[in-house]
Amino acid sequence: PPYEELGLDSLNSKNVDSNIIDMVNFYENEFGKIELEPCDFETKVTESSPCENENWDREKKDSVIIDYRNSVVIENLTKESNNKIAIVYGSDHIKGMAALLLEQGYRLQDEN
């Protein structure tokens, strides 16, 4: 849902996700320089590329899109002074974020 429907605005929330530049830098530090093909320039960053790229690796992509972003969010969360925090994120991130929080010493609260 839109943030407004959740009661969130710039006064009571903040975006602590990674940005595209940091994600590219992380990827290149981990896996080497990204080599773009001519057809990559015809595709929006939010769309799947039609390029034939033999270097495509789902695990590498997930390590950035899921794992790296999770670590950035949790790093920012652990610096937060508020005692009521909500994380609005996609379901693919939940297990990884929970594991990172447990590593930091947080515990899961029973739903009962």
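It should be noted that the structure appears before, not after, this text.
Residues numbered from 1 in each chain as written. Predicted model: local features only at pLDDT ≥ 70, side-chain atom pairs only at ≥ 80, totals over all residues. Heavy atoms only, no water.

**Student:** Sorry, what's going on with the overall build of the protein chain here?
**Tutor:** Within the protein chain, the regular secondary structure consists of three helices and zero strands. When the helices and strands of the protein chain are placed in sequence order, the string is α-α-α. Its C-alpha atoms give the protein chain a radius of gyration of 17 Å, clearly above 13 Å, the size a compact globule of 112 residues would have. The principal-axis extent of the C-alpha atoms belonging to the protein chain is close to 50 × 30 × 25 Å. Of all 112 residues assigned to the protein chain, the portion counted as buried reaches 17%. Considering only contacts within the protein chain whose residues lie at least 6 apart along the sequence, 66% involve residues at least 24 apart. Carbon together with sulfur atoms contributes 48% to the accessible area of the protein chain, which is approximately 9500 Å² in total. (Helix = DSSP H or I, 4+ residues; strand = E, 2+ residues; numbered from the N terminus. Rg over C-alpha atoms; globule rule 2.2 N^0.38 Å. Buried < 20%, exposed > 50% of the residue type's maximum accessible area, 1.4 Å probe, protein only. Contact = heavy atoms within 4.5 Å. Areas by Shrake-Rupley, 256 points an atom, 1.4 Å probe, with all protein chains shown as cover.)

**Student:** I'm lost on the pattern of salt bridges in this one. Help?
**Tutor:** Opposite charge on two side chains makes pairing possible when the charged atoms of those side chains draw close. Summed over the entire model, instances satisfying the criterion amount to three salt bridges. Ionic pairing is found between aspartate 17 and arginine 69, a salt bridge with its closest N-O pair at 2.6 Å. Of this pair, aspartate 17 sits in the segment before α1 (20-31) while arginine 69 sits in helix α2 (residues 58-78), placing them 52 residues apart in sequence. Note that lysine 79 is salt-bridged to glutamate 75, the shortest N-O span being 3.3 Å. Overall, the relative accessible area of 45% leaves glutamate 75 in the partly exposed class. (Salt bridge = Lys/Arg side-chain N within 4 Å of Asp/Glu carboxyl O.)

**Student:** What is the right way to look at a nonpolar patch on the surface in this model?
**Tutor:** Taken together, the side chains of Tyr3, Leu6 and Val88 present a nonpolar region at the surface, about 300 Å² in accessible area. Mapped onto the secondary structure, leucine 6 falls in the segment before α1. A relative accessible area of 40% means that leucine 6 is categorised as partly exposed. (Patch = residues over 30% accessible without salt bridge, like charges linked within 9 Å, V, L, I, M, F, W, Y side chains within 5 Å.)

**Student:** How do you make sense of the side chain of arginine 69 when you look at a structure like this?
**Tutor:** Since its relative accessible area comes to 16%, arginine 69 is described here as buried. Side chain to side chain, arginine 69 and aspartate 17 meet in a polar contact 2.6 Å long. At a separation of 3.1 Å, a polar atom in the side chain of arginine 69 contacts the main-chain carbonyl oxygen of isoleucine 65. Excluding residues that lie within four positions of it along the chain, arginine 69 makes contacts with Asp17, Ser18, Met23, Val64, Tyr89 and His93. (Polar contact = N/O pair within 3.5 Å; in protein donor to acceptor, adjacent residues only side chain to side chain.)

**Student:** I keep staring at the packing of aromatic side chains and nothing clicks. Help me out?
**Tutor:** Each pair of aromatic rings is reported with the distance of its centres and the angle of its planes. Applying the stated criterion across every chain yields a total of two aromatic pairs. On the numbers, 4.3 Å between centres and 20 degrees between planes, the contact of phenylalanine 26 with tyrosine 68 is stacked. A residue pair is termed long-range when its members are at least 10 positions apart, and phenylalanine 26 in helix α1 and tyrosine 68 in helix α2 qualify at 42 residues. Ring plane angle 55 degrees and centroid distance 4.9 Å describe the contact between tyrosine 27 and phenylalanine 31, whose orientation is recorded as tilted. Taken together, the residues tyrosine 27 and phenylalanine 31, both in helix α1 and four residues apart, mark about one turn of the helix. (Phe/Tyr/Trp six-rings, centres within 6.5 Å; stacked < 30°, edge-to-face > 60°.)

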